[in-house]
Amino acid sequence: MKPLRTAQDLAINGALPAFEQPLHVGRPNMGSREAFIKHVSDIFERRWLSNNGPMVQELEQRVADLHGVKHCVAMCNGTVALEIAIRALGLEGEVIVPSYTFIATAHALHWQAITPVFADIDPHTHNLDPAAVRRMITPRTTGIIGVHLWGRGAPVDELQMIADEHGLKLMFDAAHAFGCSYKGKMIGNFGSCEVLSFHATKFFNTFEGGAVVTNDDALAEAMRLMRNFGFSGFDRVIHPGTNGKMIEVAAAMGLVNLKDIESVIAVNRHNHEAYHKGLSGIPGISLLTYDDAEHNNYQYVVMEVGDKCPVSRDWIIEALHAENILARKYFWPGCHNMQPYRELYPHAGLLLPNTQHVADRIVVLPTGTTMDTEIVHSVTSVISVLINDRL
Ligand SMILES: *Cc1c(COP(=O)(O)O)cnc(C)c1O
């Protein structure tokens with residue numbers, strides 16, 4: 001192997017193109033500024049700023065229609081939506097979740113004195129491994145939260161079978177899966193309910209926001225009460241509750257961004273294809289693919305650095321950052337290695353070899369509507385030069 005040269009050395013030698021502006025993961029997708037300002041102006045006219053306003057109601061209807069699901073209950077963010085869904089389902093004791101997910105999946109349980117029990121993933125799909133879920137069931141288990149990681153459906157049928165066999169509730173963290181499908185059916189229709197996130201970095205955003213989608217009338221009604229302090233009418237509180245309401249200005253952003261989702265998908269898809277082309281043939285590098293037979297939002301470009309790669313994942317990230325390509329590790333080092341779980345369950349990692357393996361090898365690359373195939377091509381040639389230089 002040649003002596004180590006830094007990315008800067010390579011750049012000085014003219015081997016690398018330099019990016020003047022940093023390239024980010026999760027740069028917000030934003031629709032028409034004019035349309036948004038018009039909506040805000042309407043909000044000023046109405047003086048209806050929050051509390052289930054007309055824009056929130058319209059957004060709920062559209063999101064429900066888009067996913068072919070009966071109810072959409074909009075909330076202030078995805079985490080509060082998770083917390084409310086978990087509580088409305090009556091989960092307690094232990095709930096099985098993946099560790100390879102955003103920390104909010106685990107926190108939403110711990111926040112309510114429920115124990116998140118981490119089950120391992122399938123190293124190929126990055127989603128929960130049903131066999132691992134079975135191994136984690138105890139007499140205290142009340143539910144399973146599957147995560148549709150990267151927008152690719154969790155093993156819904158197997159998880160439902162396990163839940164039915166053991167009398168467990170099943171819900172999904174669908175924060176990545178807006179507009180996606182699983183076996184031809186839209187996300188939103190699986191388990192008791194599914195939780196969407198509309199955070200700024202997600203495929204579809206309302207600045208901050210989220211929702212629970214469900215076909216269960218009673219569950220939807222309970223969650224509507226819970227997000228508004230349990231109020232039913234002006235002076236009547238009939239349910240425990242919190243403040244999980246979405247504000248009008250957030251819904252306005254959502255209505256604007258909804259108009260663009262097809263074009264955002266097209267851009268994401270082109271970028272993903274360009275990455276796939278540009279990275280193929282680089283030793284040890286592979287790209288997570290999407291099943292084109294399903295609806296996908298192609299929001300995440302997930303590269304895996306395998307054992308045949310001559311440099312480490314962390315070296316690649318460092319080198320890319322030196323080039324202003326702000327690629328990211330994702331869900332590293334796994335929820336079980338973050339507090340408070342690391343201290344509470346110091347041995348959890350022993351049962352999570354695939355989680356550890358994947359978390360140590362993943363690089364999420366910049367994408368979104370501010371990128372195009374030409375920029376992607378420059379990024380992949382940087383990666384190619386960096387790695388081939390070390391062969
Ligand atoms: C973003 C995200 C959340 C949290 O959503 P917020 O809207 O940011 O609160 C939960 N789970 C997963 C998998 C996420 O990616």
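Everything below is about the structure shown above.
Note that the structure is a prediction, hence the values are computed from the model and not measured.

Calculation criteria
Along each chain, residue indices are assigned from 1 in the same order as the chain's sequence is written. Where local features are concerned, this predicted model is filtered to residues with pLDDT of at least 70; where side-chain atom pairs are given and counted, the filter is 80 or more; whole-chain, interface and lining totals use all residues. Side-chain measures here rest on the full set of heavy atoms in the structure, leaving out hydrogens and waters. Secondary structure follows DSSP: runs of H or I at least 4 residues long count as helices, runs of E at least 2 residues long count as strands, and numbering of each begins at the N terminus. For the radius of gyration, the atom set is restricted to C-alpha positions; the globular benchmark scales as 2.2 Å times the number of residues to the power 0.38. Whether a residue is buried, partly exposed or exposed follows from its accessible area with a 1.4 Å probe, protein chains only, as a fraction of its type maximum: under 20%, in between, or over 50%, in that order. Each nonpolar core is a collection of buried residues, namely Ala, Val, Leu, Ile, Met, Phe, Trp, Tyr and Cys, held together in the definition by side-chain atoms within 4.5 Å. For the domains described, the bounds stem from an automatic or database domain assignment. Contacts between residues were defined by any pair of non-hydrogen atoms, one from each residue, lying within 4.5 Å. In this analysis, rings of Phe, Tyr and Trp, with Trp reduced to its six-membered ring, are considered paired at centre separations within 6.5 Å, and the interplanar angle assigns stacked below 30 degrees, edge-to-face beyond 60, and tilted for intermediate values. Cation placement over rings: the criterion is NZ of Lys or CZ of Arg within 6 Å of the ring centroid and within 35° of the ring normal. If a single non-hydrogen atom of a residue is within 4 Å of a molecule or strand, that residue counts as near it. A 3.5 Å cut-off defines polar contacts: any pair of N or O atoms within that distance qualifies, except that in protein one atom must be a possible hydrogen donor and the other a possible acceptor, and neighbouring residues in sequence count only when both atoms are side-chain atoms. Note on areas: Shrake-Rupley with a 1.4 Å probe; residue coverage comes only from the protein chains shown. Each residue gets one of three labels, nonpolar for Ala, Val, Leu, Ile, Met, Phe, Trp, Tyr, Cys and Pro, charged for Asp, Glu, Lys and Arg, and polar for the others, Gly among them.

1. Some thoughts on the overall build of the chain
- Counting its regular elements, the chain contains 14 helices and 14 strands.
- By the compact-globule yardstick of 21 Å for 391 residues, the chain fits well, its C-alpha radius of gyration being 22 Å.
- Dimensions of the chain, computed from the C-alpha atoms along their principal axes, are close to 75 × 55 × 40 Å.
- Here the chain holds 391 residues, and 53% of them are scored as buried.

2. What to know about the nonpolar core
- Residues Tyr 100, Ile 144, Trp 150 and Phe 178 are the most contacted members of the largest nonpolar core, which totals 68 residues.
- For this core, the two domains that each supply at least three residues are domain 1 (33-259) and domain 2 (260-327 + 366-388).
- Not counting residues within four places of it along the chain, the set of residues in contact with Tyr 100 comprises Ile 121, His 126, Leu 149, Trp 150, Tyr 330, Phe 331, Thr 355, Val 358, Ala 359 and Ile 362.
- Counting 31 residues, the second-largest nonpolar core is a separate cluster that includes Val 97, Phe 118, Val 212 and Tyr 341.

3. A word on the packing of aromatic side chains
- All told, the structure shown has 16 aromatic pairs when counted by the stated rule.
- Taken together, a centroid distance of 5.7 Å and an interplanar angle of 65 degrees make the contact between Phe 36 and Phe 207 edge-to-face. Here the residue Phe 36 occupies a position in helix α2 (residues 33-46), and Phe 207 occupies one in the loop between β9 (194-197) and β10 (210-214), the gap between them amounting to 171 residues.
- Members of the aromatic cluster, joined through ring pairs, are Tyr 100, Trp 150, Tyr 300, Tyr 330 and Phe 331.
- The ring of Trp 332 has Lys 329 sitting right over it, with the charged end atom 4.0 Å from the ring centre.

4. Observations concerning the site of the ligand
- Inspection of the region around the ligand gives 14 residues, with Gly 78, Thr 79, Asp 173, Ser 197 and Lys 202 positioned closest.
- Gly 78 is positioned with one of its backbone polar atoms (N or O) 2.8 Å from an oxygen atom of the ligand.
- One of the side-chain N or O atoms of Ser 197 is found 2.7 Å from an oxygen atom in the ligand.
- Coverage of the ligand by the protein amounts to 93% of the 380 Å² it exposes when considered alone.
- Those elements that provide at least two residues to the shell around the ligand are α4 (78-88) and α5 (104-110).
- Classifying every residue of the shell around the ligand by side-chain character gives 3 nonpolar, 9 polar and 2 charged.

5. Observations concerning the environment of Ala 177
- Within the element layout of this structure, Ala 177 appears in the loop between β6 (169-173) and β7 (181-182).
- The contact partners of Ala 177, leaving out residues within four places of it in the chain, are His 67, His 148, Gly 151, Ile 187 and Asn 297.

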